[in-house]
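Here are the chains, one letter per residue:
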Amino acid sequence: RIGWEHNGEWYPWGTANIDKTFNPVRAAAFVAAFRRVADMAHRTPGIRVLTVWSPNFERLEPPEVAATYPGDEYVDVIAPDMY
């Protein structure tokens with residue numbers, strides 16, 4: 001799980017501001033980072049990696065969470081979670 005629960009404000013890689021509002025700049029940075037890590041993992045010789053995109057289920061605001069999706073070529077498993 002690369003940057004799990006990214007659509008909140010409680011982790012440093014979160015795409016929301018402290019006041020819980022969506023931050024498009026942070027979202028774009030998250031997507032770029034996710035893609036970079038996924039590329040490196042998928043291209044490492046000798047291992048098989050499945051990358052997991054895991055937003056927080058309680059924060060699945062459609063336009064906002066869609067803006068954080070890295071793309072099918074980078075995501076192998078979609079697994080929202082919630083505690």
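Given the structure is predicted, the values throughout are model-derived calculations rather than measurements. (Residues numbered from 1 in each chain as written. Predicted model: local features only at pLDDT ≥ 70, side-chain atom pairs only at ≥ 80, totals over all residues. Heavy atoms only, no water.)

(A) A look at unusual backbone geometry. A positive phi is found at glutamate 5, a non-glycine position, where the angle reads about 50°. Structurally, glutamate 5 is set in the segment before helix H1 (24-42). Judged by its relative accessible area of 5%, glutamate 5 falls in the buried class. Backbone geometry places lysine 20, a non-glycine residue, at a positive phi of 75°. With respect to the secondary-structure elements, lysine 20 resides in the segment before H1. Judged by relative accessible area, lysine 20 falls into the exposed class, the value being 52%. (Helix = DSSP H or I, 4+ residues; strand = E, 2+ residues; numbered from the N terminus. Buried < 20%, exposed > 50% of the residue type's maximum accessible area, 1.4 Å probe, protein only.)

(B) Region of the structure containing the nonpolar core. Formed by Ile2, Phe30, Val31, Phe34, Ala38, Trp53, Val65, Tyr74 and Val75, the largest nonpolar core amounts to nine residues. When residues in this core are grouped by element, the largest group, four residues, is from H1. Here phenylalanine 34 is in contact with Ile2, Thr51, Val52, Trp53, Pro70, Tyr74 and Val75, once residues within four sequence places are set aside. (Core = buried A, V, L, I, M, F, W, Y, C linked by side-chain atoms within 4.5 Å. Contact = heavy atoms within 4.5 Å.)

(C) Representation of the side chain of threonine 51 in the model. Structurally, threonine 51 can be placed in the loop between H1 and strand E1 (52-53). Within polar-contact distance, the side chain of threonine 51 engages the backbone oxygen of tyrosine 74 at 2.5 Å. Apart from the residues within four sequence positions on either side, threonine 51 is in contact with Ile2, Phe34, Ala38, His42, Tyr74, Val75, Asp76 and Val77. (Polar contact = N/O pair within 3.5 Å; in protein donor to acceptor, adjacent residues only side chain to side chain.)

(D) Expanded view of the packing of aromatic side chains. Counting across every chain of the model gives five aromatic pairs. Arranged with centres 4.5 Å apart and planes meeting at 15°, the rings of tyrosine 11 and tryptophan 13 form a pair that is stacked. We classify tryptophan 13 as partly exposed; its relative accessible area is 29%. Consider the rings of tryptophan 53 and tyrosine 69, whose centres lie 5.0 Å apart with planes at 85°: the pair is edge-to-face. Residue tryptophan 53 is located in strand E1, and its partner tyrosine 69 is located in the loop between helix H2 (62-66) and strand E2 (77-78); the two are separated by 16 residues in the primary sequence. On the basis of relative accessibility, which here comes to 7%, the residue tryptophan 53 falls in the buried class. In textbook terms, an aromatic cluster arises when at least three aromatic residues are bridged by ring pairs, as seen for Trp4, Tyr11 and Trp13. (Phe/Tyr/Trp six-rings, centres within 6.5 Å; stacked < 30°, edge-to-face > 60°.)

(E) Geometry of H1. Between its first and last C-alpha, H1 extends 27 Å over 19 residues, near the 27 Å set by a 1.5 Å rise per residue. All of the buried residues along H1 are Ala27, Phe30, Val31, Phe34, Ala38 and Ala41. Relative to the axis of H1, the buried residues are bounded by an arc of 100° and lie together on one face. Opposite its buried face, H1 presents the exposed residues Val25 and Arg36, each directed more than 90 degrees away. Here the buried face of H1 lies against E1. (Expected span 1.5 Å × (residues − 1). Arc of directions from axis to C-beta.)

Geometry only, nothing functional implied.
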